[in-house]
Amino acid sequence: IGAVHETSGAGHSQQNGRAEKCIQDVMYDIRTALHDVCLSLNLWAEALQYVVYTKNRLPNFANPDLASPYFMRYQQHPDYRQMHAFGQKATVMFPKKKSPNGSVGAKAMLGAFVGYEDADGTRAYRIYIPATKTITISAHVTFLDEATTP
């Protein structure tokens, strides 16, 4: 008889068990990431980007030789050295002459790492600054270990 092609209705992922499981796993990872570091639920979109970015760079049982989806697409291994934990404390350096308080003000702000910015081949980090409730994109970031967190 053979295989029968079945389609699911638009907007009804629950009819596709594999898609539903992927969505469930991503949502679980988002909730876990936000809860573990006590960040606002308003940052769910940042957590979503982080989770997908990370999953695409980790080994996957569905691929030959446990290759990551990144490797399957680009035929090179991702650079794991630049990966950081969601919510990790970090300081963002202000560009010269851009300090909000002039030359006597702080040269850096404390924030939490929330993702990567890979647009146009630039490697930068997305840092949430709680004091201003904004996300700053910068390559001038210093990550703090738990032992050095103020």
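Just so you know, these numbers come straight off a predicted model, no measurement behind them. (Residues numbered from 1 in each chain as written. Predicted model: local features only at pLDDT ≥ 70, side-chain atom pairs only at ≥ 80, totals over all residues. Heavy atoms only, no water.)

Novice: Any details on the confidence of the model for the protein? Residues and values, ideally.
Specialist: Low pLDDT means the predicted atomic positions in that stretch should not be read closely. Counting all residues, the mean pLDDT for the protein is 83, and 81% of those residues have values of 70 or more. The secondary structure element of the protein with the lowest average pLDDT is helix H3 (residues 69–74), at 88, and the one with the highest is strand E3 (residues 124–129), at 94. (pLDDT = per-residue confidence, 0-100. Helix = DSSP H or I, 4+ residues; strand = E, 2+ residues; numbered from the N terminus.)

Novice: Now, about the side chain of Arg57: what can you tell me, with residues and values included?
Specialist: You can see Arg57 is positioned in the loop between helix H2 (44–55) and H3. For Arg57, a relative accessible area of 12% puts it in the buried group. Ignoring anything within four residues of it in the chain, the contact list for Arg57 reads Ser68, Tyr70, Pro78, Tyr80, Met83 and Asp118. (Buried < 20%, exposed > 50% of the residue type's maximum accessible area, 1.4 Å probe, protein only. Contact = heavy atoms within 4.5 Å.)

Novice: Could you give an account of the pattern of salt bridges, naming the residues involved and the relevant values?
Specialist: This model, assessed by the stated rule, comprises 6 salt bridges. In this structure, the salt-bridge partner of Lys55 is Asp29, at a minimum N-O distance of 3.1 Å. In this pair, Lys55 is assigned in helix H2 and Asp29 in helix H1 (residues 17–36), connecting sequence segments 26 residues apart. Residue class for Lys55 comes out partly exposed when judged on its relative accessible area of 36%. (Salt bridge = Lys/Arg side-chain N within 4 Å of Asp/Glu carboxyl O.)

Novice: Please give an account of the sheet that holds strand E2 (residues 108–117) that cites residues and values.
Specialist: Strand order across the open sheet formed by 5 strands is E4-E3-E2-E1-E5, with antiparallel pairing between neighbours. Bordering the open sheet on either side are strand E4 (134–138) and strand E5 (141–143), each of which pairs with just one other strand. The average angle at which neighbouring strand axes cross in this sheet is 45°, direction not considered. Those strands touched by H2 are E2, E3 and E4, and its axis lies near 55° from that of E2. (Pairing = 2+ DSSP bridges. Axes fitted to C-alpha atoms, helices over the stretch in contact; angles between N-to-C directions.)

Novice: An account of the packing of aromatic side chains is requested, with residue identities and associated values reported.
Specialist: Summed over all chains, the structure comprises 10 aromatic pairs. With centroids separated by 6.3 Å and ring planes inclined at 15°, the aromatic side chains of Tyr50 and Tyr116 adopt a geometry described as stacked. Here the residue Tyr50 occupies a position in helix H2, and Tyr116 occupies one in strand E2, the gap between them amounting to 66 residues. Both rings, one in Phe113 and one in Tyr125, keep their centres 6.0 Å apart while their planes meet at 70°; by these two values the pair is edge-to-face. One end of the pair, Phe113, is in strand E2; the other, Tyr125, is in strand E3, with 12 residues separating them in the sequence. No difference in accessibility class separates Phe113 from Tyr125, as the two residues are buried. Through a chain of ring-to-ring contacts, the aromatic side chains of Tyr50, Tyr53, Phe86, Phe113, Tyr116, Tyr125 and Phe143 assemble into a single cluster. (Phe/Tyr/Trp six-rings, centres within 6.5 Å; stacked < 30°, edge-to-face > 60°.)

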